[in-house]
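Below are the chains, spelled out letter by letter.
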Amino acid sequence: MAEATTTPALERHGLSDEQLRWILRNMLLQRTLDNRGFQLNRQGKIPFATGSEGHEGIHAGSALAFERGADILVPYYRDIGLCIGIGMEPLHVLLSMFARAADISGGRQFPNHFTNHALGLMSISSIIAAHLPHAVGAAYAMKYRKEAGRAVLATFGDGATSEGEWHESVNFAAVQSLPIVFLCENNEWAISTPREHQMAIRDVVDKAEGYGIPGEIVDGSDPIAVYDVMKRALDRARSGGGPTLVEAKCYRFLSHTTDDDDRTYRSRDEIERHRHLDPVPRFERVLVESGVMTTDEVSAMKREVLAHVNDVTDRAEALPYPVASDLYTNVYEGTHEPWL
Amino acid sequence: MAVASPSTVMNNVEAVRHTLYEALKNDERTLVLGEDVGARGNVFLITKGFIEEFGAERVIDTPLAEASIVGVAIGMAMEGLRPIAEIQFADFIYPAFNQIVGEAAKTRYRSNGDYTCPLVIRTPYGGGVRGALSHSVSIEALFYHVPGLKIVAPSFPSDIKGLLNAAIDDPDPVLFLEHKKTYRLVKGEVPSGHYTIPIGLADVKHPGDSLTVVSYGLYVHQAIEAAKRLADEGLSVEVIDLRSIRPMDRTTILASVRKTHKLLIVHEDNKFGGIGAEISAMVAEEALFELDAPIRRLCGPDVPAMGYALPLEEEFMVSTDEMAETMREMVRF
């Protein structure tokens, strides 16, 4: 991986200046939304937030490779940038944080557990890896209906690869050669458990071989490299080539959630040693040094993003909570009463 | 295999097979997935020949992994298919517990209706077949606590067809329980053509005046047999076949109790925290002063499972003689 003092040269992989600027804006938006969640929590305005700081490169690159209107995203809870990258409005991140009635889940779900059927964004629970069989089922539906040109993108952290359902899902998809990409956002930590206590191998991608599917490692701090790998993997899935396991290496700079204190299990030194991997300033430098954007343009973009996040924060905060009677709806179609 | 006569005599296994066949034939969104459902045609031969007729993409031999059988089916359901997942024996359902309870039952709720999960999970359950610890269990009490799930356990061929059709048509997840001892033991007329029986409706299978017996599964058949013996003795017993466990039919139970003033609940699952406890509580809440005798429950004993040895299995199961004797005691109370 790149050292602190060097900035990788721009390797475009066919991306236009406009797409490169889109990537940076998506990364800045995610970082700003992340910060907003922690700020609102510390202000006592929301009970809980989860950040994705360090994952921005994975999200922006993957979102750009995602085919809107065709592909399905089955994310996990650390995917803000990916969800807004496939078309979810940032307002919905704030509606989720504030648990407002206008949130698509009606204020039921924890923050960052988005659903948006119209965008192909599947509803998830917090149970690690439990969403992966659903992703496989969705991919099966695509193959069964002979919907060529569509694929499922399923994401998870490194800890998820210990779960039985992870293995069952990759195996099922491999046996049936389904149109799906399994994307591991390996940030080295599962709450307080480091990778070496999670698995006896260094690279998650080694698990692909056991299921007979291709695996690829990518530097998750480099959104263009992620885009390139994800585009190829998704294209392979869309054209009948079966599943791929992609491992995007990154680092989790924040505590697991606002309820976690990472000082109890990892040193400040360790975090600083990884600081050079921070994808946001790194990609800013790439764009500036390659002449795609000026520093003034980057600053203007940051101001615009902050203003947008401020605006959606105010709008979401001003909206009402669900009402108490909303507790009883959508248990089933029809009555929730167990006695008829 | 469907015959164009008004009805056909089938046993329970044939009723399941007939209904699944019609579902696959009539709706391309339906597919069957599970262990050994394809080439083998299911361990009870329920889906024998299906793979040849409907193809391996609709009759899916899955890897041997129950959590993903249910979990993959959930994903199919969320994306518009109508999967019918099979857990080979109810005893094997535990690895899929989270997928059923944590995922399927909450899909509609957690997304506030943005996604739904029209899924059927079929599984054979129950004892009396020398199935030992892991081929005999009843699982309904583990799941009936869970809002978001529906549970049915019909045990007559015509009810199986009507309720399996209703389960397949249902927009929410349904756990469909088939008592394996009734598979070839119980025969009856099955009307031809598509019909449904609403989930949540019980059925009075043997009318009577002096005692209400609520049961389901294998024990309904034994309870009817016991009620017939008592009728020969001049004692009148009403037997209600619950058929649906969640939602449950309060109206039919209360109407019967208000007529007979006595209630006996009979189920194979163990007593503590079982279905009978909920029915007892409901009747105590709604109709306590209608009762002329304490409510009684005849259930499986509170041991982890029935053993393989015949005396252990027989001790676990409630015999028809025991049912008849308890009924006599209650009628005469």
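Residues numbered from 1 in each chain as written. Chains lettered and ligands numbered in written order. Predicted model: local features only at pLDDT ≥ 70, side-chain atom pairs only at ≥ 80, totals over all residues.

**A look at the overall build of chain A**
Part 1 of the reasoning: The helix and strand inventory of chain A stands at 12 helices and seven strands.
Part 2 of the reasoning: Relative to the 2.2 N^0.38 estimate, which gives 20 Å for 340 residues, the radius of gyration of chain A is 20 Å and therefore close to what a compact globule would have.
Part 3 of the reasoning: When its C-alpha atoms are laid out on the principal axes, chain A stretches across 70 × 50 × 40 Å.
Part 4 of the reasoning: For chain A, buried positions account for 52% of its 340 residues.
Part 5 of the reasoning: Within chain A, residue pairs in contact and separated by at least 24 positions form 77% of the contacts whose partners lie at least 6 positions apart. (Helix = DSSP H or I, 4+ residues; strand = E, 2+ residues; numbered from the N terminus. Rg over C-alpha atoms; globule rule 2.2 N^0.38 Å. Buried ≥ 20, exposed ≤ 12 C-beta atoms within 10 Å, placed from the backbone. Contact = placed C-beta atoms within 7 Å.)

**Some thoughts on the overall build of chain B**
Part 1 of the reasoning: Secondary structure summary: chain B contains 13 helices and 14 strands in total.
Part 2 of the reasoning: Taking 333 residues into account, the globule formula puts the C-alpha radius of gyration at 20 Å, and chain B, at 20 Å, falls close to it.
Part 3 of the reasoning: Here the C-alpha coordinates of chain B stretch approximately 60 × 45 × 40 Å along the principal axes.
Part 4 of the reasoning: Per-residue burial for chain B yields a buried fraction of 58% across its 333 residues.
Part 5 of the reasoning: In chain B, 80% of the contacts between residues at least 6 apart in sequence involve partners at least 24 apart.

**Examining the sheet that holds strand 3 (residues 59-61) of chain B**
All names here are of chain B.
Part 1 of the reasoning: Strands sit in the order 3-2-4-5-7-6-12 across an open sheet of seven strands; the sheet is mixed. Two strands lie at the open edges of the sheet, namely strand 3 and strand 12 (244-246), each paired on one side alone. Along the sheet, successive strands turn relative to each other by an average axial angle of 20°, direction set aside.
Part 2 of the reasoning: In the packing of helix 3 (residues 66-78) onto the sheet, the strands contacted are strand 2 (30-34), strand 4 (82-86) and strand 5 (120-125), and the crossing angle to strand 4 comes to about 170°. (Pairing = 2+ DSSP bridges. Axes fitted to C-alpha atoms, helices over the stretch in contact; angles between N-to-C directions.)

**Concerning the interface of chain B and chain A**
Part 1 of the reasoning: Counting residues at the interface gives 42 residues for chain B and 37 residues for chain A.
Part 2 of the reasoning: Listed by contribution, the elements that provide at least two residues to the side of chain B that touches chain A are helix 3, helix 4 (97-103), helix 5 (107-110) and helix 10 (250-260) of chain B.
Part 3 of the reasoning: The element contributing the most residues to the side of chain B that touches chain A is helix 3 of chain B, with nine residues.

**Structural notes on the nonpolar core**
Part 1 of the reasoning: Ranked by size, the top nonpolar core spans 200 residues in total, and within it Ile180(A), Val181(A), Val213(B) and Met327(B) carry the most contacts.
Part 2 of the reasoning: Considering every element that reaches this core, the biggest residue donor is helix 3 of chain B, with nine residues.
Part 3 of the reasoning: Both domains that meet at this core, namely domain 1 (9-191) and domain 2 (203-332) of chain B, each give it at least three residues.
Part 4 of the reasoning: Those residues in contact with Val181(A), other than ones at most four positions away along the chain, are Ala151(A), Leu153(A), Met230(A), Ala233(A), Leu234(A), Ala237(A), Pro243(A), Thr244(A) and Val246(A). (Core = buried A, V, L, I, M, F, W, Y, C linked by C-beta atoms within 7 Å. Domains from an automatic or database assignment.)

**Describing the domain arrangement of chain B**
All names here are of chain B.
Part 1 of the reasoning: Domain annotation of chain B identifies domain 1 (9-191) and domain 2 (203-332).
Part 2 of the reasoning: With centres defined by C-alpha atoms, the gap from domain 1 to domain 2 works out at 26 Å.
Part 3 of the reasoning: With three residues, strand 6 (residues 150-152) is the largest single contributor of residues to the side of domain 1 that touches domain 2.
Part 4 of the reasoning: Here the residues of the side of domain 1 that touches domain 2 sort into 12 nonpolar, eight polar and five charged. (Nonpolar A, V, L, I, M, F, W, Y, C, P; charged D, E, K, R; others polar.)

**Some points on unusual backbone geometry**
Part 1 of the reasoning: Each neighbour pair has its own omega, and for Arg246(B) with Pro247(B) the value is 0°, a cis peptide bond.
Part 2 of the reasoning: Relative to the helices and strands, Pro247(B) is located in the loop between strand 12 and helix 10.
Part 3 of the reasoning: Its identity is not glycine, yet Ser177(A) carries a phi of approximately 50°, on the positive side.
Part 4 of the reasoning: When you line up the elements, Ser177(A) lands in the loop between helix 6 (164-176) and strand 3 (180-186).
Part 5 of the reasoning: Even without glycine at this site, Arg243(B) takes up a positive phi of about 60°.
Part 6 of the reasoning: Within the secondary structure, Arg243(B) is located in the loop between strand 11 (238-241) and strand 12.

**A look at the packing of helix 1 (residues 17-42) of chain A against helix 12 (residues 295-318) of chain A**
Residue and element names in this part refer to chain A.
Part 1 of the reasoning: Contact pair helix 1 / helix 12: the axes reach a minimum separation of 9 Å and the direction vectors enclose 45°. With respect to each other, helix 1 and helix 12 are oriented oblique. Considering the relative orientation of helix 1 and helix 12, their crossing is right-handed. Two secondary-structure elements touch here, helix 1 through Leu-24, Arg-25, Leu-28, Leu-29, Thr-32, Leu-33 and Arg-36 and helix 12 through Met-301, Lys-302, Val-305, Leu-306, Val-309 and Thr-313.
Part 2 of the reasoning: Grouping the amino acids of the contact of helix 1 with helix 12 by side-chain chemistry returns eight nonpolar, two polar and three charged. (Parallel < 35°, antiparallel > 145°, perpendicular 65-115°, else oblique. Left-handed = near helix turned anticlockwise from the far one by under 90°.)

**A few points about the environment of Gln30(A)**
Part 1 of the reasoning: With respect to the secondary-structure elements, Gln30(A) resides in helix 1.
Part 2 of the reasoning: Discounting residues that sit within four places of it in the chain, Gln30(A) has contacts with Ser52(A), Glu56(A), His59(A), Ile80(A), Gly81(A) and Ile84(A).

**A few points about the environment of His145(B)**
All names here are of chain B.
Part 1 of the reasoning: Relative to the elements of secondary structure, His-145 occurs in the loop between helix 6 (140-143) and strand 6.
Part 2 of the reasoning: For His-145, a count of 13 C-beta atoms within 10 Å translates into the label partly exposed.
Part 3 of the reasoning: Sequence spacing of His-145 and Glu-278 is 133 residues, and the spatial spacing of their C-alpha atoms is 9.9 Å.

**A word on the sheet that holds strand 7 (residues 244-249) of chain A**
All names here are of chain A.
Part 1 of the reasoning: The five strands lie next to each other as 1-2-3-7-6, forming an open sheet whose pairing is parallel. Of all the strands in the sheet, just strand 1 (72-74) and strand 6 (215-219) have a single pairing partner and so form its edges. Pairs of neighbouring strands in the sheet enclose a mean axial angle of 20°, with direction left out of account.
Part 2 of the reasoning: Alignment of strand 1 against strand 2 (residues 152-157), held across three bridges, turns out to be parallel.

**Describing helix 12 of chain A**
All names here are of chain A.
Part 1 of the reasoning: Helix length check: helix 12, at 24 residues, gives a terminal C-alpha distance of 35 Å against a target of 34 Å (1.5 Å per residue), a fit within 8%.
Part 2 of the reasoning: Along helix 12, the residues that are buried comprise Val-305, Val-309, Thr-313 and Ala-316.
Part 3 of the reasoning: Next to the buried residues of helix 12 lie helix 1 and helix 4 (90-98). (Expected span 1.5 Å × (residues − 1).)

**A few points about the packing of helix 9 (residues 218-232) of chain B against helix 13 (residues 320-332) of chain B**
All names here are of chain B.
Part 1 of the reasoning: Closest axis-to-axis distance for the helix 9/helix 13 pair is 9 Å, and the angle between their directions is 50°. Taken together, the axes of helix 9 and helix 13 are oblique relative to one another. Helix-helix and strand crossings are classified by hand; for helix 9 and helix 13 the assignment is right-handed. Of helix 13, the residues touching helix 9 (which contributes Gln-222, Ala-223, Glu-225, Ala-226, Ala-227, Arg-229 and Leu-230) are Thr-320, Met-323, Ala-324, Met-327 and Arg-328.
Part 2 of the reasoning: Grouping the amino acids of the contact of helix 9 with helix 13 by side-chain chemistry returns seven nonpolar, two polar and three charged.

**Describing helix 1 (residues 12-26) of chain B**
Because the α-helix completes a turn every 3.6 residues, residues three or four places apart line up on one side.
Residue and element names in this part refer to chain B.
Part 1 of the reasoning: Compared with an ideal rise of 1.5 Å per residue, which puts 15 residues at 21 Å, helix 1 spans 21 Å between its outermost C-alpha atoms and is within 8% of the ideal.
Part 2 of the reasoning: Counted residue by residue, helix 1 has 12 buried out of 15 residues, so it is predominantly covered.
Part 3 of the reasoning: Here helix 1 has its buried residues at Asn-12, Val-13, Glu-14, Ala-15, Val-16, Arg-17, His-18, Thr-19, Leu-20, Glu-22, Ala-23 and Leu-24.

**Section: the environment of Met293(A)**
Residue and element names in this part refer to chain A.
Part 1 of the reasoning: Within the element layout of this structure, Met-293 appears in the loop between helix 11 (279-289) and helix 12.
Part 2 of the reasoning: Considered as a pair, Met-293 and Asp-17 are 276 residues apart in the sequence and their alpha carbons are 8.6 Å apart.
Part 3 of the reasoning: Discounting chain neighbours no more than four positions away, the residues touching Met-293 are Arg-21, Leu-287, Val-288 and Val-298.

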